[in-house]
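# Survey of secondary and tertiary structure
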Amino acid sequence: MAVRTVTLDTFESTVTEPGMVFLDCWADWCPPCRAFKPVFENAAEKHTDAIFASIDTQKEQVLAGQLGISSIPTIMAFRDGIMVFNQPGAMGAPDFERVIQAVRGLNMDEVRAQIETQATD
């Protein structure tokens, strides 16, 4: 499956889709971003049950600012519209695969309950 390009206009509709969404925030001038790109693209081909999308932080500076991106690449994961992972730094294929499997294995009822508990504290 191809990696989608996300813009300020498409961010919300992309990350709120049901299931898993993995987001790569990058820029052309960033060597670690370029090194991570094939890892991300290969994962997109392998995991066709998930959405893989990218934000070019140079072109989407407003969105990058709203997301608080201060270091690239930054990898984010959403599940059922909830951000469940947000980490700067490139990672190798085995580490990214572990992230994908961890997101897949989440009990979203527990995640939502935890969010509710934090909101009432």
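## Regarding the packing of aromatic side chains
Here the structure, examined in full by the defined rule, presents eight aromatic pairs. Judged by centre distance (5.3 Å) and plane angle (75°), the ring pair of F40 and F52 falls under edge-to-face. A residue pair is termed long-range when its members are at least 10 positions apart, and F40 in helix α2 (residues 31-46) and F52 in strand β3 (residues 51-56) qualify at twelve residues. The pair F40 / F52 is uniform in exposure class, with both members buried. Taken together, a centroid distance of 6.4 Å and an interplanar angle of 75° make the contact between F52 and F96 edge-to-face. Here F96 lies in helix α4 (residues 93-104) and F52 lies in strand β3, a separation of 44 residues in the sequence. Summarising the burial analysis for this pair, F52 and F96 share the class buried. Members of the aromatic cluster, each reached through a chain of ring pairs, are F22, F36, F40, F52 and F96.

## A word on the pattern of salt bridges
Note that side chains of opposite charge can pair when their charged atoms are close. Taken as a whole and judged by the stated rule, the model has five salt bridges. Across the pair E97 and K46 runs a salt bridge whose closest N-O atoms are separated by 3.5 Å. With a gap of 51 residues between them, E97 in helix α4 and K46 in helix α2 connect regions that are remote in the sequence. Judged by its relative accessible area of 58%, K46 falls in the exposed class.

## Re the sheet that holds strand β2 (residues 20-26)
Spatially, five strands are ordered β1-β3-β2-β4-β5 in an open sheet, and the strand pairing comes out mixed. Only two strands of the sheet have a single neighbouring strand rather than two, namely β1 (4-5) and β5 (82-88). Inspection of the sheet shows β2 paired to β3 by six bridges, in the parallel sense. Counterpart to D24 in the pairing with β3 is S54. Strands β2, β3 and β4 (74-79) of the sheet are contacted by α2, whose axis makes an angle of about 160° with β2. In the packing of helix α5 (residues 108-120) onto the sheet, the strands contacted are β4 and β5, and the crossing angle to β5 comes to about 85°.

Definitions and cut-offs
Residues numbered from 1 in each chain as written. Predicted model: local features only at pLDDT ≥ 70, side-chain atom pairs only at ≥ 80, totals over all residues. Heavy atoms only, no water. Phe/Tyr/Trp six-rings, centres within 6.5 Å; stacked < 30°, edge-to-face > 60°. Helix = DSSP H or I, 4+ residues; strand = E, 2+ residues; numbered from the N terminus. Buried < 20%, exposed > 50% of the residue type's maximum accessible area, 1.4 Å probe, protein only. Salt bridge = Lys/Arg side-chain N within 4 Å of Asp/Glu carboxyl O. Pairing = 2+ DSSP bridges. Contact = heavy atoms within 4.5 Å. Axes fitted to C-alpha atoms, helices over the stretch in contact; angles between N-to-C directions.

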